[in-house]
Amino acid sequence: MSTAPLPERGGSLTEPFWQAAEEGRFVMPRCSGCARYVWYPEEACPHCGENEIPWVPVSGRGQLFSWAEVKHELYPAYEDTLPYVTGIVTLEEDARVRYVTRIVDADPAALAIDQPMQVVFRTLAFKGVDGEVVAPVFRPSAGAAPGKVDE
Ligand SMILES: [Zn+2]
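Residues numbered from 1 in each chain as written. Predicted model: local features only at pLDDT ≥ 70, side-chain atom pairs only at ≥ 80, totals over all residues.

**Q** So what's going on with the nonpolar core? Residues and values would help.
**A** The tendency in soluble globular proteins is for nonpolar side chains to be buried as a group. If you look at the biggest cluster of nonpolar residues, it comprises 19 residues, and the most contacted ones within it are Val38, Val89 and Phe138. Those elements that place two or more of their residues in this core are strand 3 (61-70), strand 4 (84-91), strand 5 (94-103), strand 6 (116-124) and strand 7 (133-140). For this core, the element with the highest residue contribution is strand 4, accounting for 3 residues. Setting aside residues no more than four positions away along its own chain, Val89 makes contact with Gly62, Gln63, Leu64, Phe65, Tyr99, Thr101, Met117 and Phe138. (Core = buried A, V, L, I, M, F, W, Y, C linked by C-beta atoms within 7 Å. Buried ≥ 20, exposed ≤ 12 C-beta atoms within 10 Å, placed from the backbone. Helix = DSSP H or I, 4+ residues; strand = E, 2+ residues; numbered from the N terminus. Contact = placed C-beta atoms within 7 Å.)

Here it is, written out as structure tokens:
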């Protein structure tokens, strides 16, 4: 039985990511050769060719790069989650890392480009799909003024 839209586990390149998330840790693969983050994970660093790319903890802080509120069903298993906000967050450690994620605990109308964001962990489960997964998702940073835009 398909487990889509849940991630592939067991032996996949992303398994350490999901394992860490279950433990409440947000990790990214970082190249031992050139120290750049390699997101999405790859067997070899696309920047320098290094094969050793360990997973390292990151702060879970970032900025909102873009987002969209999804109101119509794109996939049957998502029906019960509508509406939801999907977005891209750049990481504080390296803004070249763009993490595609769910945006939670936010009024979509109050979101703003470059708004400070922070990671939180949510269990994802879908109607008609066996299993669940803990995923790092993002919400506006506590204490940050919603809608604040740097002039
Ligand atoms: Zn590298």
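**Q** I'd like to hear about unusual backbone geometry, residue by residue, with values.
**A** Here the residue pair Trp39 and Tyr40 is connected by a cis peptide bond, since its omega of 5° sits within 30 degrees of zero. Assignment of secondary structure puts Tyr40 in the loop between strand 1 (27-29) and strand 2 (55-57). The amide bond that connects Leu82 to the next residue, Pro83, takes the cis arrangement and shows omega of -15°. Among the structural elements, Pro83 can be located in the loop between strand 3 and strand 4. With a phi close to 70°, Asp114 is a non-glycine residue in the positive phi region.

**Q** Explain the confidence of the model for the protein chain to me, using residue names and the numbers behind them.
**A** Summing up the model confidence of the protein chain, the mean pLDDT is 90 and the portion of residues at 70 or higher is 92%. Residue range residues 147-151 is modelled with pLDDT below 50. Its contacts to residues more than four positions away, or to other chains, number 8 contacts. (pLDDT = per-residue confidence, 0-100.)

**Q** Tell me about the environment of Ile103, residues and numbers included.
**A** Here Ile103 lies in strand 5. Exposure remark for Ile103: the 23 C-beta atoms within 10 Å place this residue in the buried category. As for Ile103 and Met117, which are separated by 14 residues in sequence, their C-alpha atoms are 9.2 Å apart. If sequence neighbours within four positions are ignored, Ile103 has contacts with Trp67, Val85, Thr86, Gly87, Phe138 and Arg139.

**Q** I'd love a proper account of the pairing of strand 4, names of residues and values included.
**A** Side chains on a regular strand alternate between the two faces of the sheet. Of the two faces of strand 4, only the one carrying Val85, Gly87, Val89 and Leu91 is buried; Tyr84, Thr86, Ile88 and Thr90 on the other face are not. Bridging between strand 3 and strand 4 involves 8 bridges; their strand directions are antiparallel. Bridge pairing in strand 4 links Val70 to Tyr84. Note: strand 4 against strand 5, 7 bridges, orientation antiparallel. Residue pairing for strand 5: Leu91 is matched across the bridge by Asp94. The hairpin turn running from strand 4 into strand 5, its antiparallel successor, is 2 residues long. (Pairing = 2+ DSSP bridges.)

**Q** Which residues make up the pairing of strand 6, and what values do they have?
**A** Pairing of strand 3 with strand 6 involves 3 bridges; the strand directions are antiparallel. By the bridge assignment, Gly62 is partnered in strand 6 with Met117. Two elements, strand 6 and strand 7, share 8 bridges in a ladder whose sense is antiparallel. Each residue of the ladder has a partner; that of Gln118, found in strand 7, is Arg139.

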